[in-house]
Amino acid sequence: MSKQDSLNKLLDYREQIEQILTDIQHELQSNFPDEYGISYQHWIPQIKTSLRDDTIWLPRGQYSM
């Protein structure tokens, strides 16, 4: 497998993680609103920032995918 193939695979995994995270957010928001508020303030931004260095969130470190 070439490096380009491996990179494409990693990018596909990132998209899958983002979709799963969206599904989790919807589930939490619908069925666990208290937990959703906490997750939205803490671990959801960390995951999003680490996956894409998403500038909507405050900086949470120097490393991203």
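Residues numbered from 1 in each chain as written. Predicted model: local features only at pLDDT ≥ 70, side-chain atom pairs only at ≥ 80, totals over all residues. Heavy atoms only, no water.

A.B. asks: I'm lost on the side chain of Ser 39 in this one. Help?
C.D. replies: Tracing the backbone through its elements, the reader meets Ser 39 in helix 2 (residues 33-41). Among the residues examined, Ser 39 registers a relative accessible area of 1% and is labelled buried. Here Ser 39 is in contact with Leu 28, Ile 44 and Pro 45, once residues within four sequence places are set aside. (Helix = DSSP H or I, 4+ residues; strand = E, 2+ residues; numbered from the N terminus. Buried < 20%, exposed > 50% of the residue type's maximum accessible area, 1.4 Å probe, protein only. Contact = heavy atoms within 4.5 Å.)

A.B. asks: Whenever I open this one, the confidence of the model for the chain confuses me. Can you help?
C.D. replies: Predicted coordinates in regions of low pLDDT should not be interpreted in detail. Taken residue by residue, the chain gives an average pLDDT of 85. The fraction at 70 or more is 80%. Within the chain, helix 1 (residues 3-31) carries the highest mean pLDDT (96), whereas helix 3 (residues 43-52) carries the lowest (83). (pLDDT = per-residue confidence, 0-100.)

A.B. asks: Just checking my understanding: could you explain helix 1 for this structure?
C.D. replies: Its 29 residues place the ends of helix 1 42 Å apart at the C-alpha level, agreeing with the 42 Å of an ideal helix rising 1.5 Å per residue. If you check which residues of helix 1 are buried, you get Arg 14, Leu 21, Gln 25 and Leu 28. Elements that come into contact with the buried residues of helix 1 comprise helix 2 and helix 3. (Expected span 1.5 Å × (residues − 1).)

A.B. asks: I tried to follow the packing of helix 1 against helix 2 on my own but got confused; where do I start?
C.D. replies: How two helices sit against one another is set out by the angle between their axes and by the gap between those axes. Interhelical geometry of helix 1 versus helix 2 gives an angle of 135° and a closest axis separation of 6 Å. Looking at the two axes, helix 1 sits oblique to helix 2. Here Gln 25, Leu 28, Gln 29 and Asn 31 of helix 1 lie close against helix 2, whose contacting residues are Pro 33, Glu 35, Tyr 36, Ser 39 and Tyr 40. (Axes fitted to C-alpha atoms, helices over the stretch in contact; angles between N-to-C directions. Parallel < 35°, antiparallel > 145°, perpendicular 65-115°, else oblique.)

A.B. asks: Sorry, what's going on with the environment of Trp 43 here?
C.D. replies: Residue position: Trp 43 is located in helix 3. By relative accessible area, which is 35% here, Trp 43 ends up partly exposed.

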